[in-house]
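Tertiary structure, described
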Amino acid sequence: MKIMRNLVRLFLVIVSCLGVISTQAVLAQGRPDLVWMRGGPTAEVLSMSYSPDGKHLAAGSKDGVIRVWRVADCVLERTFVGGWAQYVAFLPDGDRLIGVTGGQVAIYRLSDGETGLHWTLTKTFSSGAVSEDGSLFGVGFTDGSVQVWRTDDASPVVGFQAHATGYAVLSLSFSSDNQRLVTTTAALAPDDTVRVWHLPDGALISSTTPVRGNWYPQPRARFLPGGYEMLTVCNSSNTWFQFDVVDSTSGQSTRTFNAGGNSTGSDPKGFDVSPDGR
């Protein structure tokens, strides 16, 4: 009798699992806009990046793995194992991608699955950015400093204190000609939240705070392609985000527009700009 009961339980478990699989299949068939990626992360995804040709998608997660899928058929093509995968981005050649995992920066090759250059960060990672041509990689740290390296040989270009000590660099972005770097920090910091720096000497060009007042936004900024204008976004109220197109030389906003839908009052974690900057 005991054996029979166990067999019945096993049968019910199998039927239940088949029901879940069947339900997922029906949902997938009814939602052609959804793509079910095989071998997905087992923990929170921290960063994602498409290859320049759109054929591959890379994702880094808290489970310590950077995964790369082939978009056409959702096949998991490569995995690179490290610590927390806090940042991942393809380089312009589409074969190499750069990742920050467990306090290490590494450049991986998609073609053979090998790890190329790699180096250790001496401070706690907060944000990262690759230059438009892929020649530079910048990291913002939780202590308010930044460091820039060359991706061809991992040699340091410049490092400096971008914001007040103890206030993390929330985002950074290179201008198209690699002559400027914009960094942002929280509005509670004693300095302006958006600052623009000259490269490679790290001289301050401009400094501004897009939104002032009683609200404490945590802005992000990106340079627009082909020039020195940049786009900033921050939480300006409980109901909307404020976007500003800013002249990076003067630090003055030239255009402002708002986007609704921020019903939670949360801060933007990131955003992107189309290749043509429009």
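As the structure is a prediction and not an experimental result, all values here were calculated from the model. (Residues numbered from 1 in each chain as written. Predicted model: local features only at pLDDT ≥ 70, side-chain atom pairs only at ≥ 80, totals over all residues. Heavy atoms only, no water.)

Remarks on the environment of alanine 72
You can see alanine 72 is positioned in the loop between strand E3 (65-70) and strand E4 (75-81). On the basis of relative accessibility, which here comes to 80%, the residue alanine 72 falls in the exposed class. Along the backbone, alanine 72 and histidine 56 are 16 residues apart, and their C-alpha atoms lie at a distance of 8.3 Å. (Helix = DSSP H or I, 4+ residues; strand = E, 2+ residues; numbered from the N terminus. Buried < 20%, exposed > 50% of the residue type's maximum accessible area, 1.4 Å probe, protein only.)

Topic: the sheet that holds strand E6 (residues 96-101)
In spatial order, the strands read E5-E6-E7-E8; together these four strands make up an open sheet with antiparallel pairing. Of all the strands in the sheet, the pair left with one neighbour each is strand E5 (85-90) and strand E8 (115-120). Here the strands of the sheet are splayed against their neighbours by 15° on average, with no regard to which way each runs. Across six bridges, the pairing between E6 and strand E7 (residues 104-109) is antiparallel. Looking at the pairing, isoleucine 98 lines up with isoleucine 107 of E7. (Pairing = 2+ DSSP bridges. Axes fitted to C-alpha atoms, helices over the stretch in contact; angles between N-to-C directions.)

A word on the side chain of serine 47
Structurally, serine 47 is set in strand E1 (residues 45-50). A relative accessible area of 11% places serine 47 in the buried class. A polar side-chain atom of serine 47 sits 3.1 Å from the main-chain amide nitrogen of valine 88. With sequence-adjacent residues up to four places away left out, serine 47 is seen in contact with Ala58, Ala59, Gly60, Gln86, Tyr87 and Val88. (Polar contact = N/O pair within 3.5 Å; in protein donor to acceptor, adjacent residues only side chain to side chain. Contact = heavy atoms within 4.5 Å.)

Thoughts on the pairing of E7
A loop of two residues connects E6 with E7, the two strands running antiparallel in sequence, and glycine 102 in this loop sits at a positive phi of about 55°. Both E7 and E8 contribute to a ladder of four bridges, which runs antiparallel. Looking at the pairing, alanine 106 lines up with histidine 118 of E8. What sits between E7 and E8 in their antiparallel hairpin is a turn of five residues, with glycine 113 showing a positive phi close to 75°.

Quick word on the packing of aromatic side chains
A complete count under the given rule lists five aromatic pairs for this structure. Judged by centre distance (5.7 Å) and plane angle (45°), the rings of tryptophan 119 and tryptophan 149 are tilted. Of the two residues, tryptophan 119 sits in strand E8 while tryptophan 149 sits in strand E11 (residues 145-150), which places them 30 residues apart along the sequence. No difference in accessibility class separates tryptophan 119 from tryptophan 149, as the two residues are buried. Taken together through their ring pairs, the aromatic side chains of Tyr87, Phe125 and Phe137 make up a single cluster. The ring of tyrosine 228 carries the charged tip of arginine 180 above its face, separated from the ring centre by 3.8 Å. (Phe/Tyr/Trp six-rings, centres within 6.5 Å; stacked < 30°, edge-to-face > 60°. Lys NZ or Arg CZ within 6 Å of the ring centre and 35° of its normal.)

Here's the deal with the sheet that holds E4
For sheets, the rule is that strands pair by backbone hydrogen bonds, running either parallel or antiparallel. As summarised here, the arrangement of the four strands in space is E1-E2-E3-E4, forming an open sheet in which the pairing is antiparallel. Both edges of this open sheet fall to E1 and E4, since each of them pairs with a single strand only. The sheet shows a mean angle of 20° between the axes of neighbouring strands, taken without regard to direction. Sheet analysis places E1 next to strand E2 (residues 56-61), joined by five bridges and oriented antiparallel. Bridged to methionine 48 within E2 is alanine 59.

Some details on the pattern of salt bridges
Applying the stated criterion to the full structure yields seven salt bridges. One salt bridge in this structure joins arginine 67 and aspartate 63, with 2.9 Å as the shortest N-O distance. Its salt-bridge partner being arginine 109, residue aspartate 112 comes within 3.2 Å of it at the nearest N-O pair. With a relative accessible area of 34%, aspartate 112 lands in the partly exposed category. Salt bridges linked by common partners bring Arg70, Asp73 and Glu77 together as one network. (Salt bridge = Lys/Arg side-chain N within 4 Å of Asp/Glu carboxyl O.)

Points about the nonpolar core
One finds Ile98 and Phe137 to be the most contacted residues of the largest nonpolar core, which totals 15 residues. For this core, the secondary-structure elements that each account for two or more residues are E5, E6, E7 and strand E10 (136-141). At three residues, the largest contribution of residues to this core is made by E10. In this structure, Ala129, Leu136, Leu172 and Phe174 belong to the second largest nonpolar core, which totals 13 residues. (Core = buried A, V, L, I, M, F, W, Y, C linked by side-chain atoms within 4.5 Å.)

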